[in-house]
Amino acid sequence: MREVDWYGLGAFGLPMACRGVASGYTVRAGSERGQVAEFVEAGGSRSTAEVQGLPIVALCLPSATEVLDVVRDLETASCVVDFSSHDPLSARKAAELLRDRGIGYVDCPVSGSVELARDGRLTGYLGAHTDDVTEDVREFVESLCSNVFWTGGLGQGQAMKLVNQVIHLGNVLVLGEGFDLAEQLGLAPETVLEALKASSGSSRMLERFGQQMLSDLYPRQFSARLARKDIGNALRLWPDLPVAAMVEERLQDLVDSGHGEENFTRLAKRPEK
């Protein structure tokens with residue numbers, strides 16, 4: 001199966017869909033929403049193009065609401081591969097809705113950056129055992145994700161993504177506190193960054209965003225609004241996460257103050273009083 005219908009041509013969905021085209025798939029936009037013109041320019045097809053046979057349907061949508069809206073209206077497909085980030089219960093609900101129509105479903109939320117999405121080097125969390133998906137689906141996922149982790153049964157991919165979000169968003173908040181302390185103690189930002197990279201305080205978030213954060217720059221990769229959605233999903237499933245609760249409060253403040261579309265790393269910046 002080399003034909004794909006793709007729903008969600010946003011910040012991550014667009015480079016992922018384009019990577020699918022570059023990997024030899026015939027990829028059609030599932031709708032005319034999103035960055036369709038850029039997708040077509042990269043070799044994708046509009047939603048009106050004809051597709052032979054039953055395509056794989058790929059979803060990379062902002063929330064469970066949009067995922068379930070597409071699933072309810074979907075009539076034919078071989079399998080739905082859901083790269084969206086939401087929650088285990090919604091993944092199981094989507095699978096249940098599709099099961100009655102004989103359509104498979106697997107959740108595979110992803111982690112990485114726009115650049116990694118463009119290069120097919122994302123990390124994917126497959127909510128399945130190795131014998132739960134067809135070879136076509138496995139090859140499709142592996143064309144977009146260089147690291148694939150089989151997390152267990154349906155919905156467990158979403159569970160793993162939430163664990164990742166709690167840890168990495170909490171790390172950004174702690175980085176902000178450390179940078180505040182460094183400023184108060186008169187340390188030069190360049191010294192702080194290089195020293196931390198060589199110390200036990202280093203992290204992936206420090207390496208990717210430390211310089212931007214110290215320079216008070218927040219070019220968007222993943223919006224504070226979507227990060228707020230993820231941390232909220234985690235807290236609904238397990239409220240006893242005190243650091244996550246602080247992260248949620250900071251992200252909600254950003255959304256309420258009009259900064260929701262800026263990069264999530266702005267949560268490290270102490271709110272102005």
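## Description of unusual backbone geometry
Comment: phi is negative for the bulk of residues other than glycine, and the bulk of peptide bonds are trans.
Inference 1: If you check the backbone angles, Asp216 has positive phi at about 60° while not being a glycine.
Inference 2: Following the sequence through the fold, Asp216 ends up in the loop between helix 9 (204-214) and helix 10 (224-237).
Inference 3: The partly exposed category is assigned to Asp216, whose relative accessible area is 40%.

## A closer look at the packing of helix 3 (residues 64-73) against helix 4 (residues 88-99)
Inference 1: It is the contact of helix 3 with helix 4, at a shortest axis distance of 10 Å, that shows an interaxial angle of 5°. The angle between helix 3 and helix 4 places the two elements in the roughly parallel class. Where helix 3 abuts helix 4, its residues Ala64, Leu68, Val71 and Arg72 lie against Ser90, Lys93, Ala94, Leu97 and Leu98.
Inference 2: The residue makeup of the contact of helix 3 with helix 4, split by class, is six nonpolar, one polar and two charged.

## Looking at the pairing of strand 5 (residues 104-107)
Inference 1: Where strand 4 (residues 79-82) meets strand 5, four bridges bridge the pair, whose relative direction is parallel. Paired with Cys79 across the bridge in strand 5 is Gly104.
Inference 2: Taken together, strand 4, helix 4 and strand 5 form a β-α-β motif whose crossover is right-handed.

## Some points on the sheet that holds strand 7 (residues 122-126)
Inference 1: Judged by pairing direction, the sheet is mixed, and its three strands sit side by side in the order 6-7-8 without closing on themselves. Taken across any chain shown, the strands that pair with only one partner, and hence form the sheet edges, are strand 6 (110-111) and strand 8 (145-150).
Inference 2: Note that strand 7 and strand 8 share five bridges and pair parallel. Looking at strand 8, one finds that Tyr125 is bridged to Phe149.

## Focus: the nonpolar core
Soluble globular proteins: nonpolar side chains tend toward being buried together.
Inference 1: Counting residues in each nonpolar core, the largest one holds 34 residues, and the members touching the most others are Trp6, Met16, Phe39, Val81, Phe83 and Phe140.
Inference 2: It is helix 1 (residues 13-22) that provides the largest number of residues to this core, a total of five residues.
Inference 3: Excluding residues within four positions of it along the chain, Phe140 makes contact with Val4, Trp6, Tyr25, Ile56, Ala58, Val81 and Phe83.
Inference 4: Counting residues in hydrophobic clusters, the runner-up holds 25 residues, among them Leu173, Ala182, Leu193 and Met205.

## Re a nonpolar patch on the surface
Inference 1: A contiguous nonpolar surface patch, about 350 Å² in accessible area, is contributed by Leu89, Leu237 and Trp238.
Inference 2: Along the chain, Leu89 turns up in helix 4.
Inference 3: On the accessibility criterion, Leu89 (56% relative accessible area) is exposed.

## Some thoughts on the environment of Gln221
Inference 1: Of note, Gln221 is situated in the loop between helix 9 and helix 10.
Inference 2: With a relative accessible area of 18%, Gln221 lands in the buried category.
Inference 3: Along the backbone, Gln221 and Ala11 are 210 residues apart, and their C-alpha atoms lie at a distance of 7.3 Å.
Inference 4: Excluding residues within four positions of it along the chain, Gln221 makes contact with Ala11, Phe12, Ser113, Val114, Glu115, Arg208 and Asn263.
Inference 5: Side-chain polar atoms of Gln221 contact the side chain of Arg208, separated by 3.4 Å.

## Some points on the state of the cysteines
Inference 1: With the rule as written, the count across this model stands at zero disulfides.
Inference 2: In this structure Cys18 is a free cysteine whose sulfur lies 12 Å from that of Cys60, the closest cysteine sulfur available.
Inference 3: Here Cys60 stays free of any disulfide, with the sulfur of Cys145 as its closest cysteine sulfur at 10 Å.
Inference 4: Residue classification places Cys60 among the buried positions, given a relative accessible area of 15%.

## With respect to the packing of aromatic side chains
To describe a pair of aromatic rings, you give the distance between the ring centres and the angle between the ring planes.
Inference 1: Tallying each qualifying case throughout the model produces six aromatic pairs.
Inference 2: Measuring from centroid to centroid gives 5.3 Å for Tyr25 and Phe140, while their planes differ by 70°, and the two rings are edge-to-face. Separated by 115 residues along the polypeptide, Tyr25 in the loop between helix 1 and strand 2 (26-29) and Phe140 in helix 6 (residues 135-144) bring together distant segments of the chain.
Inference 3: The exposure class of Tyr25 is buried, given its relative accessible area of 5%.
Inference 4: Residue Phe140 is classed as buried on the basis of its relative accessible area, which comes to 0%.

What counts, and where the lines are drawn
Residues numbered from 1 in each chain as written. Predicted model: local features only at pLDDT ≥ 70, side-chain atom pairs only at ≥ 80, totals over all residues. Heavy atoms only, no water. Helix = DSSP H or I, 4+ residues; strand = E, 2+ residues; numbered from the N terminus. Buried < 20%, exposed > 50% of the residue type's maximum accessible area, 1.4 Å probe, protein only. Axes fitted to C-alpha atoms, helices over the stretch in contact; angles between N-to-C directions. Parallel < 35°, antiparallel > 145°, perpendicular 65-115°, else oblique. Contact = heavy atoms within 4.5 Å. Nonpolar A, V, L, I, M, F, W, Y, C, P; charged D, E, K, R; others polar. Pairing = 2+ DSSP bridges. Right-handed = clockwise from strand over helix to strand, strands pointing away. Core = buried A, V, L, I, M, F, W, Y, C linked by side-chain atoms within 4.5 Å. Patch = residues over 30% accessible without salt bridge, like charges linked within 9 Å, V, L, I, M, F, W, Y side chains within 5 Å. Areas by Shrake-Rupley, 256 points an atom, 1.4 Å probe, with all protein chains shown as cover. Salt bridge = Lys/Arg side-chain N within 4 Å of Asp/Glu carboxyl O. Polar contact = N/O pair within 3.5 Å; in protein donor to acceptor, adjacent residues only side chain to side chain. Disulfide = S-S within 2.5 Å. Phe/Tyr/Trp six-rings, centres within 6.5 Å; stacked < 30°, edge-to-face > 60°.

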